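Chain and residue survey
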Amino acid sequence: MNPILDLRQVSAAYGQSQVIHGLNLAVAEGGITTLLGANGAGKTTILRAICNMRVRVSGEVKFAGRRIDGWQTEDIVRLGVGHVPDGRGTFVQLSVEENLLLGAYTRRDRAAVARDFERVYGYFPRLKERAAQQAGTLSGGEQQMLAIARALMLRPRLLLLDEPSFGLAPLVVQEIFQILRRINEEDSVSLLLVEQNANLALDLATDVYLLETGRVVMNGPPSVVSNDASVRRAYLGY
Amino acid sequence: MEALMHQLLSGLANGGIYASVALALVMIFQSTHHINFAQGEQGMFSAYVALTLIQAGFPYWTAFLLALGFAFVSGAAIERIIIRPFERAPVLSVVIVFLGLLFVINSLAGWLFTYNVQSFPSPFPAGLGNRFLSAHEIGMVAVTLVTLLLIFLFFRYTSLGLAMRAAAQNPDASRLVGVRVTWMLALGWGLAGAIGAIAAIMAAPIVYIEPNMMGGILLYGFAAALLGGINNPWGAAVGGFIVGVIENLAGAYVVGTELKLSVALIIIIVVLVTRPAGLFGRTIVTRV
């Protein structure tokens, strides 16, 4: 199967300090790829490099067969790359509904956008209850739901998620991961997921990359990665 | 009593001008965190464009709209060509650029249109006036209110207005939903330029037109923006009307017309000392 996202020999740097070194990574169409790694391994930077945001990138980035490295972030997004960044990127002073409207900013098909409002409210009924509320007043879990919902309003083909479990209660995390699975299955959105919670990530993923200081040290299906002794020791705790 | 009423109402009329200038200042401040010191001069130059068109035989409102178009395009161009390269420059450099812009536009206007004080026509029929307000003052208030209303509707109900608000608040997240943030900035400058031009064109029949006509008005605009809250456009507009009334009352009953301008400075100092966020602004607390 053709990969929807294909990174070849990608390096990324903030100013003088290089964080990613010659990385090769692919996300299969319809797949869920997970990036595992300790703090500082460069997981967030990879997501930023894909969107060409706030980081200097070299190498080849292909989305749906098309070279997108060097493109403006806005143009990459318009191709159908949704990004739920670290810190969630919520417009805290705007209402929940306005946040979602912004998610659909690039779309002109009003009827389909209206249907997508119902669709994401179906995934996250709590957002519907709080549609008129200022987004900054939502709880952490609700803000994470809003960030995912906003990215879905773009009708993405690929969704980049930066630690959606960060700082959330276990029950909320489970709810969010169930919804991510549904988004992947029902809407055939491919996912690239950065996650520190290895158990959750391995459970959801179809393909796993293990990163250490900006390099891939292991790649394979979750069954293989989770049986590796060093992974078990470092990430799974048994 | 009648004199007081007159001073109050004419203060509100002048306040409309300050409200427009303050709104323009706040719009740019919100997206760039800089005060555009050249806002007044941009408006003055557009007023000259309107005057030139009127003298060339264009009907008043056609000239008015063409001048607004000029103000919009030149405002956006100033952002893209002059301000953009200083995006990451220290605050003081940017202040110097704004001051330079002020002097360049001022001199350019003097060179092209001379420093002679000229009268500027008012489009409002004399019959509109009553015993408290002149026809122009009434028309000016109407134009200001319509402008504020249109701007409010634009930002509140259009998708472009929403994108502009988003780009000002959170540029990175805006890029991630596909908003072209750099264009939103230029658009904001264009709109601010047009609003400033409306203020200048409406003020010109009262203060007469000359390259330094906006000096005092810009100072009142600052005072209004600070009083209402530099991060709240509607607060700034309300601040404009309040400053207009304070200015007129103080001029008539307290300091006299010669010292009226010092009222603006007093307002600025009092606000900065007692309530830096302004009447309607939010205090921004940063964790360090």
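The paragraphs below set out a description of the structure included in this document. (Residues numbered from 1 in each chain as written. Chains lettered and ligands numbered in written order. Predicted model: local features only at pLDDT ≥ 70, side-chain atom pairs only at ≥ 80, totals over all residues.)

**Re the sheet that holds strand β6 (residues 81–84) of chain A**
Residues and elements named next belong to chain A. The six strands lie next to each other as β6-β7-β8-β3-β9-β10, forming an open sheet whose pairing is mixed. Whereas interior strands pair on both sides, the edge strands pair on one side only; in this sheet they are β6 and β10 (215–220). Here the strands of the sheet are splayed against their neighbours by 15° on average, with no regard to which way each runs. By the bridge criterion, five bridges tie strand β3 (residues 32–37) to strand β9 (residues 207–212) in an arrangement that is parallel. (Pairing = 2+ DSSP bridges. Helix = DSSP H or I, 4+ residues; strand = E, 2+ residues; numbered from the N terminus. Axes fitted to C-alpha atoms, helices over the stretch in contact; angles between N-to-C directions.)

**Overview of the nonpolar core**
The tendency in soluble globular proteins is for nonpolar side chains to be buried side by side. Core analysis: the biggest nonpolar cluster contains 167 residues, and Ala149 of chain A together with Ala22 of chain B have the highest contact counts within it. Per element, the largest residue contribution to this core is 17 residues, and it comes from helix α8 (residues 181–207) of chain B. If we ignore the near neighbours within four places in the chain, the residues touching Ala22 of chain B are Gly221, Ala224, Ala225, Gly228, Ala236, Ala237, Gly239 and Gly240 of chain B. (Core = buried A, V, L, I, M, F, W, Y, C linked by C-beta atoms within 7 Å. Buried ≥ 20, exposed ≤ 12 C-beta atoms within 10 Å, placed from the backbone. Contact = placed C-beta atoms within 7 Å.)

**What to know about the pairing of β9 of chain A**
Residue and element names in this part refer to chain A. The sheet contact formed by β9 and β10 spans five bridges and is antiparallel. Along β10, the bridge assignment pairs Leu210 with Met218. Hairpin connection, β9 to β10: the antiparallel pair is bridged by two residues, and Thr213 has positive phi, about 35°.

**So, the packing of helix α3 (residues 96–103) of chain A against helix α6 (residues 140–152) of chain A**
Residue and element names in this part refer to chain A. Put simply, α3 and α6 touch, their axes get as near as 7 Å, and they point 35° apart. Remark: the crossing between α3 and α6 carries right-handed chirality. Along the contact surface, α3 presents Val96, Asn99, Leu100, Leu102 and Gly103, while α6 presents Leu146, Ala149, Arg150 and Ala151. Its residues assigned to classes, the contact of α3 with α6 comprises six nonpolar, two polar and one charged. (Left-handed = near helix turned anticlockwise from the far one by under 90°. Nonpolar A, V, L, I, M, F, W, Y, C, P; charged D, E, K, R; others polar.)

**Re the environment of Gly22 of chain A**
Residues and elements named next belong to chain A. As for its position among the elements, Gly22 is in strand β2 (residues 17–28). When the C-alpha positions of Gly22 and Val194 are compared, they lie 19 Å apart, and in sequence the two are 172 residues distant. The residues contacting Gly22, other than those within four sequence positions of it, are Gln9 and Ser11.

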